[in-house]
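Chain residues, written in single-letter form:
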Amino acid sequence: YILCEHALVPCYYLYDTTFDVSPSSMGLLHRGLLCGTMAAEDLQKKETPTMTRNAVFVITGAPCTGKSTLAAWLCRRLPQPVAGLRTLCTGRCEAGALFSLQNLADGTVTPVTQREAGQVTTLYTVWDSNGAGVLQAALQGEAGTILVDEALPPDPHCPAWNEALAAVLAGERSVVLTTAKA
């Protein structure tokens, strides 16, 4: 799995510029794209490149650092349409934020965390059924790019999710994956 923070991730090409998206260079990539190193008008003038093979973009970082914003920006510039899932903050409790999965194909939202005994707990069965189902549908559909926003890392509680995630990462489509830094 390439989700390991120390995994080697090859360089990918975007707007005729090579970006190294390994975790050690994410700060540079993040600052360059979001803080104006490339002017927005320059980005709009360039054409979206044609991908000759799948490209996997892994975006890691602490909460509230712009991972999902960067992923959305990137997805708009990769082959369309985009399928997959987003993770949305759908509530808060005294223990923290509560999250749900949104299927990009139909917009359905399914909770993946719950408040239990004063803590926020992960609903592994939802990741294993709904999350895996969304990724499998994206692989079987006509998506040019698959988004996996705030991906649950491979987990022994979720064999179907692990298998679907591995299939997405090994597939022929471009993938944009965000995950929290451990």
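Residues numbered from 1 in each chain as written. Predicted model: local features only at pLDDT ≥ 70, side-chain atom pairs only at ≥ 80, totals over all residues. Heavy atoms only, no water.

### Side note on the environment of Thr121
This is how the line gets drawn: Note on conventions: DSSP H or I runs of at least 4 residues are helices, E runs of at least 2 residues are strands, and numbering of each starts at the N terminus. Contacts are assigned to residue pairs with any non-hydrogen atoms lying within 4.5 Å of each other.
Topologically, Thr121 is positioned in strand 8 (residues 119–122). In this structure Thr121 touches Val112, Thr113, Gln114 and Glu116, once residues within four positions along its chain are discounted.

### Notes on the nonpolar core
Quick note on the threshold: For the purposes of this section, nonpolar cores are sets of buried Ala, Val, Leu, Ile, Met, Phe, Trp, Tyr and Cys residues that join through side-chain atoms within 4.5 Å. Classification of residues uses two cut-offs on accessible area relative to the type maximum, computed with a 1.4 Å probe and protein chains only: under 20% is buried, over 50% is exposed, and between them is partly exposed.
Within the largest apolar cluster, 26 residues are counted, with the highest numbers of intra-cluster contacts made by Leu85, Trp127, Leu135, Val148, Trp161, Leu165 and Leu177. Elements with a contribution of two residues or more to this core: strand 3 (56–61), strand 4 (82–93), helix 4 (124–140), strand 9 (145–148), helix 5 (159–170) and strand 10 (174–180). The element best represented in this core is helix 4, accounting for six residues. Not counting the four nearest positions on each side in its chain, Val148 is found in contact with Leu85, Leu135, Trp161, Leu165, Val168, Val176, Leu177 and Thr178. Counting residues in hydrophobic clusters, the runner-up holds 11 residues, among them Ala55, Trp73, Leu74 and Val176.

### A few points about the packing of aromatic side chains
Stated formally: For this analysis, a ring pair means two rings from Phe, Tyr or Trp (six-membered ring only for Trp) whose centres lie within 6.5 Å, classed as stacked if their planes differ by under 30 degrees, edge-to-face if by over 60, and tilted for the remaining angles.
Counted under the stated rule, the structure contains one aromatic pair. Look at Trp127 and Trp161: their rings are 4.9 Å apart centre to centre, the planes differ by 70 degrees, and that puts the pair in the edge-to-face class. With Trp127 in helix 4 and Trp161 in helix 5, the pair connects residues that are 34 residues apart, well separated along the chain. Accessibility classification places Trp127 together with Trp161 in one group, the buried group.

### With respect to the environment of Ala132
Mapped onto the fold, Ala132 is located in helix 4. Note on Ala132: relative accessible area 1%, which makes it buried. Note: C-alpha distance between Ala132 and Trp161 (29 residues apart in sequence) is 4.5 Å. Once you skip the residues sitting within four places of it in the chain, Ala132 turns out to touch Trp127, Ala160, Trp161 and Ala164.

Taken by themselves, the reported measurements are silent on function.
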